[in-house]
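Reading the structure
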Amino acid sequence: MYKKINIYIHPGYGKTGTTYLQENIFDKINFVNLGKPHNHKNELVNKLISLQYKIFQPKYSFQKLYPMNYSYSVRNYVSILKSIIDKTDNTNFMFSDECLFNHNNYFGYFNIYLLKEILDSLNNYFDINIKFIISIRSQHQYLISSFAYDNYRMKKNFGSFNNFLDKIFSDEDLSEIYQYDLQIKKIKKIFNSEVLILPLEELEKNHENYINRVINFLGIVKEVELNTFNNNPINKNSELVNNNKVYYTRSYDFRGVLYEHFSNIHLSLKKYKLYQKNFKYLKFLKELIKPVTKKSGKILLNENQKRKIQQHFKQSNQNTEKITNLNLKFYDYYD
């Protein structure tokens, strides 16, 4: 008889209170943590996480000309995950990482299907109950927040925030990344899973209700009390100026260009055995030229931009309300 387990997957979105969930809730419950925060003492879990970023890899580490195949890595990942599950009496597992379904800096669209392959393989050994937790935020706040936070790469792709919005309004593939109803439907269809939707605005305005919904979804009502979890300030990259929310843009210091240049050289030299053998002696150079993130400016969402974004995503948000029974209009997702 297969061991019955519950796997809770929290794949983002980023900049929607994900760090709060990871540090103030998921890290404080008696679940086996397979993702963030990465403060694990379990050697197998650390090994799993190291392999995770080779499977769900960031775009900026992707070698365009190198042949791509993940079949062995996926089998290895499943094998390590199986060992972790076998070695514990715990039946509850939490996998939280906002990079998982990230479409901007990771291959979020394809990662959904990689995750499906992993879970299908794991299903050969365990009776798995899969549940998803998706954290969201009103699109007008989410778009400007992510543009400011990841400004170094966003500027390379779109230039200005206005250009970014114009592209969202005109490019359906890009726009659908931020249509929460479509993402929820896709997850339900692919994984046949329950999905809990957590708006950041609920955390900010009704912390107790937000926590209670998480507790009920995780099935830990009898195990914890509401005051177990801190109501710490959410990590913010903004401030109020004259009653307007101003976001800090983040960029790299002067080493950003150097780091990118030497990273390309590193990738081109990896094919040589001599370089592979001696690279460990050059790792100190990586730390010397590794860029530091700094605040580089400010950006403000104006009322015209806000209205356009609200109107563009209005139907999607109304659809999301029907699926989730949330009142997104109350949280200013649309007017």
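One structure accompanies this document, and this report is about it. Remember, predicted model here, so these are calculated numbers, not experimental data. (Residues numbered from 1 in each chain as written. Predicted model: local features only at pLDDT ≥ 70, side-chain atom pairs only at ≥ 80, totals over all residues. Heavy atoms only, no water.)

Looking only at helices and strands, the protein has 16 helices and eight strands in total. Relative to the globule expectation of 20 Å for 335 residues, the C-alpha radius of gyration of the protein, 21 Å, shows essentially globular dimensions. Taken over 335 residues, the protein has a buried fraction of 47%. The contacts of the protein with a sequence gap of at least 6 include a subset with a gap of at least 24, amounting to 75%. Of the roughly 18600 Å² that the protein leaves accessible, carbon and sulfur atoms contribute 49%. The protein carries 48 positive and 32 negative side-chain charges, and their two centres are separated by 7 Å. (Helix = DSSP H or I, 4+ residues; strand = E, 2+ residues; numbered from the N terminus. Rg over C-alpha atoms; globule rule 2.2 N^0.38 Å. Buried < 20%, exposed > 50% of the residue type's maximum accessible area, 1.4 Å probe, protein only. Contact = heavy atoms within 4.5 Å. Areas by Shrake-Rupley, 256 points an atom, 1.4 Å probe, with all protein chains shown as cover. Lys, Arg positive; Asp, Glu negative; His and termini not counted. Charge placed at Lys NZ, Arg CZ, Asp CG, Glu CD.)

For Leu218, the location among the structural elements is in helix α11 (residues 207-218). A C-alpha to C-alpha distance of 9.8 Å links Leu218 and Phe31, two positions 187 residues apart in sequence. Those residues in contact with Leu218 that sit more than four places away from it in its chain are Tyr8, Ile29, Phe31, Met94 and Ile133.

This brings us to unusual backbone geometry. Note the cis peptide between Gly12 and Tyr13, where omega equals 0°. Relative to the helices and strands, Tyr13 is located in the loop between β1 (3-10) and α1 (18-24). A cis amide bond, omega 0°, links Lys36 with the succeeding residue Pro37. The residue Pro37 is located in the loop between β2 (32-33) and α2 (43-55) in this model. At Lys15, a residue that is not glycine, the phi angle is positive and equals roughly 60°. Structurally, Lys15 can be placed in the loop between β1 and α1. Accessibility expressed as a relative area gives 21% for Lys15, which makes it partly exposed.

So, to be careful, I would describe these as geometric facts and stop short of saying anything about function.
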